[in-house]
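# Working through the structure, step by step
Below are the chains, spelled out letter by letter.
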Amino acid sequence: MKKKSCISFVFIVLFGLSVQAQSKKWTLEECVNYAVQNNISIKQTELDSKTAMIDKKGAVGNFLPSVNANASHSWNIGLNQDITTGLLRNQTSQFTSAGVSVGIDIYKGLQNQNTLRKTNLSIVAAKYQLLKMKEDVALNVANAFLQILFNKENLKVQQEQKAFNEKQYTRSGELVKAGSIPRGDLLDIKATVASNNQAVIAADNALLISKLSLAQLLQLKDFENFDVIDNTSIKDENNILAQTPTAIYDKAKQSRTELKIAQTNLQIAEKNVAIAKGGFQPTLQGFYNFNTRVSYADVISISNGVVITSAAPLFWTQFGNNKGQSFGAQLSVPIFNGFSVRNNVERSKVSLEKSKIALEQQDLDLQRNVFTAFTDAKGALNAHESSIVALESRQEAYNYAKEKYAVGLMNSFDFNQSQTLLSNAQSEVIRTKYDYIFKIKILEFYFGIPIIKN
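These numbers were taken from a predicted model, which means no experiment stands behind them.

### Structural notes on unusual backbone geometry
- Positive phi values are uncommon outside glycine, yet L110 reaches one of about 60°.
- Among the secondary structure elements, L110 is positioned in the loop between β2 (88–107) and α4 (111–178).
- The exposure class of L110 is partly exposed, given its relative accessible area of 42%.
- Even without being glycine, Q219 reaches a positive phi, approximately 65°.
- By secondary structure assignment, the location of Q219 is in the loop between α5 (183–217) and α6 (245–255).

### Things to note about the packing of aromatic side chains
- Scanning the entire structure with this criterion turns up five aromatic pairs.
- Where F336 meets F339, the ring centres are 5.4 Å apart and the plane angle is 80°; that geometry is what we call edge-to-face.
- The class for F339 is partly exposed, based on a relative accessible area of 45%.
- Aromatic rings pair up to connect W26, Y34 and F226 into one cluster.
- Above the face of the F447 ring, K251 is positioned so that its terminal group lies 4.5 Å from the ring centre.
- Cation over ring: R256 sits above F445, and NZ or CZ is 4.8 Å from the ring centre.

### With respect to the pattern of salt bridges
- For the structure shown, the criterion picks out 12 salt bridges.
- Ionic pairing is found between K439 and D435, a salt bridge with its closest N-O pair at 3.3 Å. Here D435 and K439 lie together in helix α10 (residues 412–446), a separation of four residues that amounts to about one turn.
- Classification of K439 as partly exposed rests on a relative accessible area of 25%.
- Between K441 and E444 there is a salt bridge; the shortest N-O distance is 3.6 Å. In this pair, K441 and E444 are both assigned in helix α10, three residues apart and thus about one turn of the helix distant. Here the two residues K441 and E444 agree in accessibility, since each one is buried.
- What emerges from the salt-bridge pattern is a single network uniting K25, K152, K211 and D227.

### Remarks on the side chain of Q111
- Looking at the secondary structure, you find Q111 in helix α4.
- On the accessibility criterion, Q111 (18% relative accessible area) is buried.
- Other than its neighbours up to four places away in sequence, Q111 contacts I275, G278 and G279.

### Concerning helix α3 (residues 40–61)
- The end-to-end C-alpha distance of α3, which contains 22 residues, comes to 32 Å, matching closely the 32 Å that a straight helix rising 1.5 Å per residue would cover.
- Listed in full, the buried residues belonging to α3 are I42, T45, S49, A52 and A59. All buried residues of α3 fall inside an arc of 75° around its axis, so they share one side. Turned more than 90 degrees off the buried face of α3, the exposed positions are L47, K50, I54 and K57.
- You can read the cap of α3 off the contacts: a side-chain oxygen lies 2.9 Å from the backbone nitrogen of S41, and it is on N39.

### Quick notes on the nonpolar core
- If you look at the biggest cluster of nonpolar residues, it comprises 35 residues, and the most contacted ones within it are C31, V141, L214, L218 and F226.
- Elements with a minimum of two residues in this core: α2 (28–38), α4, α5 and α10.
- Looking at this core, the element that brings in the most residues is α4, giving 14 residues.
- Setting aside anything within four residues of it in sequence, one finds C31 in contact with W26, V141, F145, L214, L218 and F226.

### Observations concerning the side chain of T264
- In this structure, T264 sits in helix α7 (residues 257–277).
- With relative accessibility at 5%, the residue T264 sits in the buried group.
- Those residues in contact with T264 that lie beyond four places of it in its chain are L121, V124, A125 and Y128.

### What to know about a nonpolar patch on the surface
- The grouping of L331, V333, I335, F336 and F339 at the surface amounts to a nonpolar patch, some 630 Å² of accessible area in total.
- Take F339: it is sitting in the loop between β5 (324–332) and α9 (340–406).

### Notes on the environment of K152
- Locating K152 in the fold gives a position in helix α4.
- Note on K152: relative accessible area 9%, which makes it buried.

### A closer look at the environment of Y288
- Within the secondary structure layout, Y288 lies in strand β3 (residues 283–303).
- For Y288, a relative accessible area of 32% puts it in the partly exposed group.
- For the pair Y288 and A329, spaced 41 residues apart in sequence, the C-alpha separation works out to 8.8 Å.

### Concerning the packing of α7 against α9
- The geometry of α7 relative to α9 is characterised by a closest axis approach of 8 Å and an angle of 165° between their N-to-C directions. In terms of orientation, α7 and α9 fall into the roughly antiparallel class. Note on packing geometry: the crossing formed by α7 with α9 is left-handed.
- Here the contact of α7 with α9 is composed, by residue class, of 11 nonpolar, eight polar and six charged.

### Details of the packing of α2 against α3
- As a packed pair, α2 and α3 sit with axes 6 Å apart at the nearest point and diverge in direction by 45°. In terms of orientation, α2 and α3 fall into the oblique class. Across the interface between the two elements, A35, V36, Q37 and N38 of α2 pack against I40, I42 and K43 of α3.
- The residue makeup of the contact of α2 with α3, split by class, is four nonpolar, two polar and one charged.

### A short note on the environment of D376
- In this structure, D376 sits in helix α9.
- Residues D376 and L443 lie 67 residues apart in sequence; the distance between their C-alpha atoms is 9.2 Å.

The rules behind each value
Residues numbered from 1 in each chain as written. Predicted model: local features only at pLDDT ≥ 70, side-chain atom pairs only at ≥ 80, totals over all residues. Heavy atoms only, no water. Helix = DSSP H or I, 4+ residues; strand = E, 2+ residues; numbered from the N terminus. Buried < 20%, exposed > 50% of the residue type's maximum accessible area, 1.4 Å probe, protein only. Phe/Tyr/Trp six-rings, centres within 6.5 Å; stacked < 30°, edge-to-face > 60°. Lys NZ or Arg CZ within 6 Å of the ring centre and 35° of its normal. Salt bridge = Lys/Arg side-chain N within 4 Å of Asp/Glu carboxyl O. Contact = heavy atoms within 4.5 Å. Expected span 1.5 Å × (residues − 1). Arc of directions from axis to C-beta. Polar contact = N/O pair within 3.5 Å; in protein donor to acceptor, adjacent residues only side chain to side chain. Core = buried A, V, L, I, M, F, W, Y, C linked by side-chain atoms within 4.5 Å. Patch = residues over 30% accessible without salt bridge, like charges linked within 9 Å, V, L, I, M, F, W, Y side chains within 5 Å. Areas by Shrake-Rupley, 256 points an atom, 1.4 Å probe, with all protein chains shown as cover. Axes fitted to C-alpha atoms, helices over the stretch in contact; angles between N-to-C directions. Parallel < 35°, antiparallel > 145°, perpendicular 65-115°, else oblique. Left-handed = near helix turned anticlockwise from the far one by under 90°. Nonpolar A, V, L, I, M, F, W, Y, C, P; charged D, E, K, R; others polar.

Spelled out as C-alpha cells, the structure:
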C-alpha cells in the first residue's frame, strides 16, 4: 500500500508540474530577460567581446621579452673532415648543438603602447556593441509582445461580434417563421455570420503567428504552448510627450549607444594612424644568446687487417667546454621599404576620415530619428484619441440602428453595415492603442528610459 501511495504521489506531482509548465504565461520582463540571455545574435556579439580581450592579452605580451630554445643533432657518414686534425677521413661524425635566445623591444616607435591603447578601446567598443544588440533585441521583443496583445484583443472583438450575430441569426429565424421579416433578411444575416467566422479564423491565425514570432525571437524550442499574460498593462507613465524634441535629442546624445560606438571607432582610427606612423621611426632591440655544442666522430681505420675504432671525447665534457654567450642591442633604421609604411599611414588616415564622417552621420541620423519618433508618437496619440471618438459615435449609431431594426424600420443589409462599421471602429481603437504604446516606448528609448525596469 505504501509503495502504491508513493507512486500515486509522484504521478500527481509530475502531472501538476506538467500542467504548470504548459499553462505558464510570460510577462514582458520575462520575455526581454530571456531573450537577452538566449538570443543567438547576442551570443555572437559576446564572442566578439571575448576576442577583444584576447587581443589585449596579445598587446600586453608585446612588452614582454621573447624566449626561444633550439637544439639540433646531425650525422655525417663517409669521407668527412676530422674535427680534430682537419684531415679527410672515412668516418661517422655527429654534431649536437643547443641554445637559448632572449629578445626584447626597447623602442619601437611607440607602436606597442599605441596598440595596447587601441585594444583597450576595442574592448569598450565591443561592450557598446553588446549593449546595442541587447537594446535592439529588447525593442524587438517589446514590439512582438505588443503585437500579441493586439491580436488577442482583436480576436475577442471578432468573437464577440460573431456570437452576437449568431444570436441575431437565431432571433431572425424566429421572426421569419412568424412572418415579421422577409426571408432575404435572414439570408443576409447568415452571410454576415459566415463573414464573422472568417474574421475569427483570420484573427486566430494572426494571433498564432505573432506568438510563434515572439517564441522564435526568444529562441524557445517548445513554442507550441507559448503564451503571454493577457492583462498586461503598459501605459505612458513617464509623460515623455511633455518633453521637447530638442530636449530628447540632447539627452540621446549623452546616452545613445550607437553614438558611443561611433565615437569609440573614431578613437580607434586615431590609434591606427599613430601605430602606422611608428613604422617611420627606428627600432631598438636588446638580445641575449646562450649556446653550446658537441662534436664527436667514430674514426674507422684498418691495421694489419684489424678494424680499429677510435671514440670521440666525452659527450658531457664537450657541452661544458663549448659554452658561449652573446648579448647586445640592435638598432634598425627604416630607409626605404617600397612605400609600405607610407601607404599604411595613408590608408589609416583614410579610415580616420571615414570614422569622422560616420560619427557625423550617426549624429544626424540620431537627430532625425528623435524628431521622427516624436512626430510619430504625437500622431499616434492623435489617431488613438480620434479612434475613440469615432468608436463612441459608431456605438451610438449602432444602438440607434438596432432599435430601428427591432421595430422593422431598417432592413438587415443596413443593420449589418452598421455592425461592420462598429467592429471596424473597435479594431481601429485597439490598433491605434498599441501603435501609440510602441511609439512611446521608442521615444522613451531615445530619452534613456529602458524597455523594462529591472
